[in-house]
Amino acid sequence: VLFRSGGKIVEAEGFGLANVELQVPVKPETVFQSGSVGKQFTATAVMILVEEGKVGLDDPLTKYFADAPSSWKEVTVRELLSHTAGFGDYPEKFDFRRDWTEADELKLVESIPLAYPPGTKWEYSNLGFLTLGVLIHRVTGEFYGDFLRRRIFGPLGMESTRIISEADIVPNRAAGYRLVKGELKNQEWVAPTINTTADGSLYFSILDLAKWDAALYTEKLLKRSSLDQMWTPAKLKNGQPNKGGYGFGWFIEERHGHQVISHDGAWQGFETTIARYVDDQLTVVVLTNLAGAKPGVIAEHVAELYLSEGKN
């Protein structure tokens, strides 16, 4: 659990076990899988390219994917970032144990018809963010994870944050768990390349997320105008904000009179959340290594305890 207020870390503490079999306790340096909390980094990478004039938010996807279905002419980068593009999720019978290449993944996405006309509704889409990772690769010539390391993680000193790799030696890596009929089990195995997609395939620690949170109060990575776009619910073509309250890689909502910018993640026996109470300069991060742990509930409870005491 990370608790950061007024620009300082108030609490950074581990609870429980990072590895049950080896009886290794969790500590602030423990590295967890991100789940969809990783989407905000993908969105930031895209916005870096937007600021550099290499990507346009209102560009049609066919500008970057010439062989894509004709329906993609109506889809914009902005709509992919905000889950309003008509893209869906992984098919019900998707084989997570197959070692898909990036080309294979893109071909799969292209084969799935749009679920609705782009810009007319909101529907959370992992495949949309997977596609953004391919777009970053095509625009920069770099695997999106390398671009993140060079332009975000490295400059911010986020030393433990990186793309998932089961083969590499990763210091302080936690194991993920799930309950099956009340019995603790290891996370389910997926093919290595499935854990490299831009919909949320990162490792990080709470200490690295403290650095990330601090950077978001500055213009180290993006101009304030770009951050404001990311933290404003995207509008549909009818001019109304999307029902998900989603910007670019972030959910935006009001909780008990406080503006909150947040995201949850769940993947492979890990559940995570980051909640930024921006007007209060308060951030709570909860990273867990048990499916169903409900870190968002924990984070909201911690924030409410602090805010109810009237502290700044």
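Just so you know, the residues in each chain are numbered from 1, in the order the chain's sequence is written. For this predicted model, a pLDDT threshold of at least 70 governs which residues receive local features, and a threshold of 80 or more governs which side-chain atom pairs are given and counted, while totals over whole chains, interfaces and linings are taken from all residues. Side-chain numbers come from the whole structure's heavy atoms, not from hydrogens or water.

**Student:** How do you make sense of the pairing of strand β13 (residues 282-288) when you look at a structure like this?
**Tutor:** Judged by how many residues are buried, β13 sits mostly within the fold: 7 of 7 residues are covered. Each residue is assigned to one of three classes by its accessible area relative to the maximum for its type, calculated with a 1.4 Å probe on protein chains only: buried under 20%, partly exposed between the two thresholds, exposed over 50%. Helix and strand labels come from DSSP, where a helix needs a run of H or I of at least four residues and a strand needs a run of E of at least two; each type is numbered from the N terminus. Residue alternation in β13 divides its side chains into two sets, Leu282, Val284, Val286 and Thr288 and Thr283, Val285 and Leu287, and both sets are buried. When strand β1 (residues 2-5) meets β13, the two strands line up antiparallel, connected through 4 bridges. Within the sheet, the bridge partner assigned to Leu2 lies in β13 and is Val285. Looking at chain direction, strand β12 (residues 270-277) and β13 are connected through 7 bridges and run antiparallel. By the bridge assignment, Arg276 is partnered in β13 with Thr283. In this scheme, strands are said to pair when DSSP sees at least two bridges between them. The hairpin formed by β12 and β13 contains 4 residues between the paired strands, and Gln281 there has a positive phi angle of roughly 50 degrees.

**Student:** Would you mind going over helix α5 (residues 144-156) with me for this structure?
**Tutor:** Side chains that are three or four residues apart share a direction in an α-helix, a result of its 3.6 residues per turn. Multiplying 1.5 Å by the residue count of a helix minus one yields the expected span of that helix. If you check α5, its first and last C-alpha atoms are 17 Å apart, about what 13 residues at 1.5 Å a residue would give, namely 18 Å. Note on bend: at a given residue it equals the angle between the axes fitted to the 7 residues ending there and to the 7 starting there. The sharpest bend along α5 reaches about 35 degrees and sits at Arg150. For α5, every residue scored as buried is listed here: Tyr144, Gly145, Phe147, Leu148, Ile152, Phe153 and Leu156. The inward-facing, buried residues of α5 abut α1 (39-51), α4 (126-140), β6 (162-163), β9 (202-204) and α6 (206-215). In the stretch just after α5, Gly157 is the one whose phi turns positive, near 70 degrees. The contact criterion used throughout is that any non-hydrogen atoms of two residues lie within 4.5 Å.

**Student:** I'm lost on α6 in this one. Help?
**Tutor:** For α6, the tally of buried residues reaches 7 of 10 residues, placing the bulk of the element in the interior. What α6 keeps buried is the set Ile206, Asp208, Leu209, Ala210, Trp212, Asp213 and Ala215.

**Student:** Even after reading the chapter, I still don't get the pattern of salt bridges, so can you show me in this structure?
**Tutor:** Salt bridge, as used here: a side-chain nitrogen of Lys or Arg that lies within 4 Å of a carboxyl oxygen of Asp or Glu. In this structure the tally under the stated criterion is 13 salt bridges. Between Arg151 and Glu52 there is a salt bridge, with the nearest N and O atoms lying 2.8 Å from each other. Highlighted residues: Arg151 in helix α5 and Glu52 in the loop between α1 and α2 (77-81), separated in sequence by 99 residues. Among the residues examined, Glu52 registers a relative accessible area of 35% and is labelled partly exposed.

**Student:** How should the sheet that holds strand β2 (residues 8-12) be read in this particular structure?
**Tutor:** Strands in a sheet are paired, the pairing made by backbone hydrogen bonds, and the direction either parallel or antiparallel. With respect to topology, 6 strands assemble into an open sheet ordered β2-β1-β13-β12-β11-β10, the strand pairing being antiparallel. On the outer flanks of this sheet lie β2 and β10 (251-255), each paired with one strand and no other. Here the average twist between neighbouring strands, direction ignored, is 20 degrees. For β10 and strand β11 (residues 258-267), the ladder comprises 5 bridges, and the chain directions are antiparallel. If you follow Phe251 over to β11, its bridge partner there is Ser262. Lines fitted to the C-alpha atoms define the axes, with helices restricted to the stretch that makes contact. Angles between their N-to-C directions range from 0 to 180 degrees. The sheet strands contacting helix α8 (residues 295-308) are β1, β10, β11, β12 and β13, and the helix crosses β13 at an angle near 150 degrees.

**Student:** Would you mind going over the side chain of Ser34 with me for this structure?
**Tutor:** Mapped onto the elements, Ser34 comes out in the loop between β5 (32-33) and α1. Note on Ser34: relative accessible area 0%, which makes it buried. With sequence-adjacent residues up to four places away left out, Ser34 is seen in contact with Gly200, Ser201, Leu202, Phe204, Gly265 and Thr272.

**Student:** I tried to follow the packing of α1 against α5 on my own but got confused; where do I start?
**Tutor:** What describes two packed helices is the angle between their axes and the distance between those same axes. Contact pair α1 / α5: the axes reach a minimum separation of 10 Å and the direction vectors enclose 75 degrees. Our classification of the angle between α1 and α5 gives roughly perpendicular. Across from Phe41, Thr42, Thr44, Ala45, Ile48 and Leu49 in α1, the residues of α5 making contact are Tyr144, Phe147, Leu148, Arg151, Ile152 and Phe153. Put simply, Ala, Val, Leu, Ile, Met, Phe, Trp, Tyr, Cys and Pro go in the nonpolar bin, Asp, Glu, Lys and Arg in the charged bin, and everything else, Gly too, in the polar bin. Of the residues contributing to the contact of α1 with α5, the split by class is 9 nonpolar, 2 polar and 1 charged. An angle counts as roughly parallel when it lies under 35 degrees, as roughly antiparallel when it exceeds 145, as roughly perpendicular when it falls between 65 and 115, and as oblique in every other case.

So, to be careful, I would describe these as geometric facts and stop short of saying anything about function.
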